[in-house]
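# Reading the structure
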Amino acid sequence: GSRSGSRGMSVYEKTFTLKDEDHTMGNAVRYMLNKNPQVSLAGYSVPHPMEKSVNVRVQTTGEVTATAAMRDALLDIISVCDHVHDTFDTAVADFKAKQPAPMDADSK
């Protein structure tokens, strides 16, 4: 058999290694990937508890590349984080606005 290096490899299936990450990011990426109907398989593993990296396996249906699906999942995570951040900031501002105002010497 020929060993061209590309045998069995495809742009539709790929394993990504996320350095300096753990189960938090691995599970978030896996969740977002699995929400994508163009992803047929997504999972992650932590190679060793003492090693700070996560391997994320992605296989798509062939409609999009694994890299595109991964990029979309990461962008979705950013959107969720932005939404949570904005919602939190709004809630803090609303809370502060409802607090009784300090006594103002100028009010009549």
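My aim in this report is to walk through the structure given alongside it, one point at a time. What you are looking at is a predicted structure, and each value in this text was computed from that prediction instead of being measured.

### Points about the pattern of salt bridges
Counted by the stated rule, this structure contains two salt bridges. When the shortest N-O distance is used, the salt bridge between Arg57 and Glu13 registers 3.1 Å. Residue Arg57 is located in strand S3 (residues 53-60), and its partner Glu13 is located in strand S1 (residues 13-19); the two are separated by 44 residues in the primary sequence. With relative accessibility at 30%, the residue Arg57 sits in the partly exposed group. In this structure, the salt-bridge partner of Lys52 is Asp22, at a minimum N-O distance of 3.5 Å. Taken together, the residues span a long stretch of sequence, with Lys52 in the loop between strand S2 (39-45) and S3 and Asp22 in the loop between S1 and helix H1 (23-35) at a distance of 30 residues.

### Observations concerning the environment of Met32
Topologically, Met32 is positioned in helix H1. Spatially, the C-alpha atom of Met32 lies 7.1 Å from that of Asp76, the residues being 44 residues apart in sequence.

### A few points about the environment of Val56
Structurally, the position occupied by Val56 is in strand S3. The sequence separation of Val56 and Val29 amounts to 27 residues, and the corresponding C-alpha distance is 7.9 Å. Sequence-distant contacts of Val56, defined by excluding residues within four places in its chain, comprise Lys14, Thr15, Phe16, Leu18, Val29, Leu33, Gly43, Tyr44 and Met70.

### What to know about the nonpolar core
The biggest cluster of nonpolar side chains holds 16 residues, and the ones touching the most others in it are Leu18, Val29, Leu33, Val56, Val58, Ala69 and Met70. Mapped onto this core, the elements with two or more residues apiece are S1, H1, S2, S3 and helix H2 (66-98). For this core, the leading source of residues is H2, giving five residues. Beyond its immediate stretch of four places on either side in the chain, Ala69 contacts Leu33, Asn36, Val39, Val58, Thr60 and Val64.

### Considering the packing of H1 against H2
At a minimum axis distance of 9 Å, the contact between H1 and H2 shows a crossing angle of 110°. In terms of orientation, H1 lies roughly perpendicular with respect to H2. Like other packed secondary-structure pairs, H1 and H2 cross with a definite hand, here right-handed. Where H1 approaches H2, its residues Met25, Ala28, Val29, Met32 and Leu33 are matched on the opposing element by Ala69, Met70, Ala73, Leu74, Asp76, Ile77 and Val80. Of the residues that constitute the contact of H1 with H2, the class distribution is 11 nonpolar, no polar and one charged.

Parameters and conventions
- Residues numbered from 1 in each chain as written.
- Predicted model: local features only at pLDDT ≥ 70, side-chain atom pairs only at ≥ 80, totals over all residues.
- Heavy atoms only, no water.
- Salt bridge = Lys/Arg side-chain N within 4 Å of Asp/Glu carboxyl O.
- Helix = DSSP H or I, 4+ residues; strand = E, 2+ residues; numbered from the N terminus.
- Buried < 20%, exposed > 50% of the residue type's maximum accessible area, 1.4 Å probe, protein only.
- Contact = heavy atoms within 4.5 Å.
- Core = buried A, V, L, I, M, F, W, Y, C linked by side-chain atoms within 4.5 Å.
- Axes fitted to C-alpha atoms, helices over the stretch in contact; angles between N-to-C directions.
- Parallel < 35°, antiparallel > 145°, perpendicular 65-115°, else oblique.
- Left-handed = near helix turned anticlockwise from the far one by under 90°.
- Nonpolar A, V, L, I, M, F, W, Y, C, P; charged D, E, K, R; others polar.

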